[in-house]
Amino acid sequence: MLKARKLVVIVVEAGLVTRLARDVMAKGAKGYTVTGASGLGPRNQRAGDLEGGNAKLETVVPEAVATEVLEMLRSSYFPHYACSAWVSDVEVLRDDRY
Amino acid sequence: MDILSVAVQNLTSAPVLAFGVGLLATAIRSDLRLPEPIYQAISIYLLLGIGIKGGVALSEVSIQEVGMPILGTLLLGVTIPALAFFLLKGIRKLSQVDRGALAAHYGSTSLVTFTAAIIFYESVSVSVEGYLTTLLAILEIPGIIVGLLLATRGMKRNVPWNESLREILAGRSIFLLAGGLAIGFLTGNTGFARIDEFFVALFPGILTLFLLELGIVAGRRLSDLKTSGFGLVIFGIAFPLISGSLGVLTGQLTGLGIGGSATLGVLSASASYIAAPAAVRLALPEASPGIYLTASLGITFPFNLTLGIPIMLQISIYLESVGL
């Protein structure tokens, strides 16, 4: 009954979350969830100090989309921005939504 | 009114002392922070309040009176970032992109420094033309654009101009300042009398609260000074003196009074740390926030708040006395 999907979690400086959400949708995601986040990373160097710290974007997508999202992060986000991402396996009931 | 007593009076004013307490809180690793929504609310209050007051003042002057100062301010907005970009060549380890990012910050301006200057000048009975807020709004934008242009000159890369300009224009700094100016202009003195308890009497107290938070944030930047290098510290202190003097001079030449010229000096000397970082981060990802935020927020902001504000007043008094 349950279908396999990938959960992609991306933590990025809050100023970039609008751009990131747009990019993720452009890669084929059908939706996402954004929450505020705070913590520490190896760079620890952000412009977001005054403007809300970090944001965490989560999206559940098919494996092919997850791969494309990660490729996009590798080329456009990781080199310059405080950005962290990971992928895990999840199962969903209504697979047409993800 | 000698320079020393003015400086002491500024250093012992409540907003500046609150900034010091904020720095201290970071130094002793206190977990004190203003809650994020309150920080946002206060910054909206300050922007709107400053805008409305400026708009009321603007409704009472003629185009002729503000025309020259506006023209002078536009000129400053283009000259200062170009000058910063050029002078920063003196710091060898800075890349072109980092120099452009710094130019964008120093070309733009800081609302809090401006507000602290106005409140301080009023406290020592120096009057400031109310329409200076219009100049604040005007000076915020061109510096960022010139800085971004200089940073990306000769680069084979698409600058996301749409996104960055949107960030500047639709960001709350410019939007609320412009909105406030419109409200004040339309409602005039009569309408303002109904809300001035909230926007005038409470204003210095709320600014004090805001500066406490800024002290904490700036304090966190201070630890970056070790890695940023001595050249950046020199720049962060010397450049505001140069750009500030240019601003005071422009004020005097375009017909502003002592207080107005000093305030235009403070505007020119101050560096942005809210609007510019957001725009620069989107447009120039290679530029290091460790450099531009440290310089504008960690060095120049405290310098202007403590010494820059009284120094600009003295320069203005001097220029007035030699008959400019």
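Please read all numbers here as calculations on a predicted model, not as lab measurements.

Basis of the calculations
Residues numbered from 1 in each chain as written. Chains lettered and ligands numbered in written order. Predicted model: local features only at pLDDT ≥ 70, side-chain atom pairs only at ≥ 80, totals over all residues. Helix = DSSP H or I, 4+ residues; strand = E, 2+ residues; numbered from the N terminus. Buried ≥ 20, exposed ≤ 12 C-beta atoms within 10 Å, placed from the backbone. Core = buried A, V, L, I, M, F, W, Y, C linked by C-beta atoms within 7 Å. Contact = placed C-beta atoms within 7 Å. Axes fitted to C-alpha atoms, helices over the stretch in contact; angles between N-to-C directions. Parallel < 35°, antiparallel > 145°, perpendicular 65-115°, else oblique. Left-handed = near helix turned anticlockwise from the far one by under 90°. Nonpolar A, V, L, I, M, F, W, Y, C, P; charged D, E, K, R; others polar. Pairing = 2+ DSSP bridges.

## Here we look at the overall build of chain A
- Looking only at helices and strands, one finds two helices and four strands in chain A.
- Going residue by residue from the N terminus, the α and β elements of chain A occur as β-α-β-β-α-β.
- Looking at chain A residue by residue over its 98 residues, the buried ones come to 31%.

## Some points on the nonpolar core
- The biggest cluster of nonpolar side chains holds 100 residues, and the ones touching the most others in it are Ala101(B), Leu102(B), Leu136(B), Ile144(B), Ala279(B), Val280(B) and Met312(B).
- Sort the elements by how many residues they give to this core and helix H16 (residues 289–321) of chain B lands first, with 15 residues.
- Setting aside anything within four residues of it in sequence, one finds Met312(B) in contact with Gly244(B), Val248(B), Ala262(B), Gly265(B), Val266(B) and Ala269(B).
- Val60(A), Val61(A), Tyr77(A) and Tyr81(A) belong to the second largest nonpolar core, which has 21 residues in total.

## What to know about the packing of helix H8 (residues 161–170) of chain B against helix H15 (residues 275–283) of chain B
All names here are of chain B.
- For the pair H8 and H15, interaxial distance at closest approach is 9 Å and the crossing angle is 170°. The angle between H8 and H15 places the two elements in the roughly antiparallel class. Of the residues in H15, those touching H8 at Glu163, Ser164, Glu167 and Ile168 are Ala275, Ala278, Ala279, Leu282 and Ala283.

## Things to note about the packing of helix H4 (residues 63–87) of chain B against helix H5 (residues 96–107) of chain B
Residue and element names in this part refer to chain B.
- Remark: H4 packs on H5, axes separated minimally by 8 Å, with the N-to-C direction vectors making an angle of 145°. Note that H4 runs across H5; the crossing there is right-handed. On the side of H4, the interface is formed by Gly77, Ile80, Pro81, Ala84 and Phe85, while H5 contributes Arg99, Gly100, Leu102, Ala103, Ala104, Tyr106 and Gly107.
- When grouped by side-chain class, the residues that make up the contact of H4 with H5 number eight nonpolar, three polar and one charged.

## Focus: the sheet that holds strand E2 (residues 33–37) of chain A
All names here are of chain A.
- Read from one edge of the open sheet, four strands run E2-E3-E1-E4, paired in antiparallel fashion. Looking at which strands have only one partner, the edges of the open sheet turn out to be E2 and strand E4 (83–92). Within this sheet the neighbouring strands show an average axis-to-axis angle of 20°, counted without direction.
- The sheet contact formed by strand E1 (residues 3–13) and E4 spans 10 bridges and is antiparallel. The residue of E4 that forms the bridge with Val8 is Val87.
- Contacts between helix H1 (residues 17–26) and the sheet are confined to E1, E2 and strand E3 (54–61), with E3 contributing the most and set at about 10° to the helix.

## Points about unusual backbone geometry
Residue and element names in this part refer to chain B.
- In this model, Arg29 sits at a positive phi of 55°, which is unusual for a non-glycine residue.
- Looking at where Arg29 falls in the secondary structure, it is placed in the loop between helix H2 (14–27) and helix H3 (36–58).
- In this structure, Ser125 is a non-glycine residue whose phi angle is positive, near 60°.
- Counting through the fold element by element, Ser125 comes out in the loop between helix H6 (111–123) and helix H7 (132–151).

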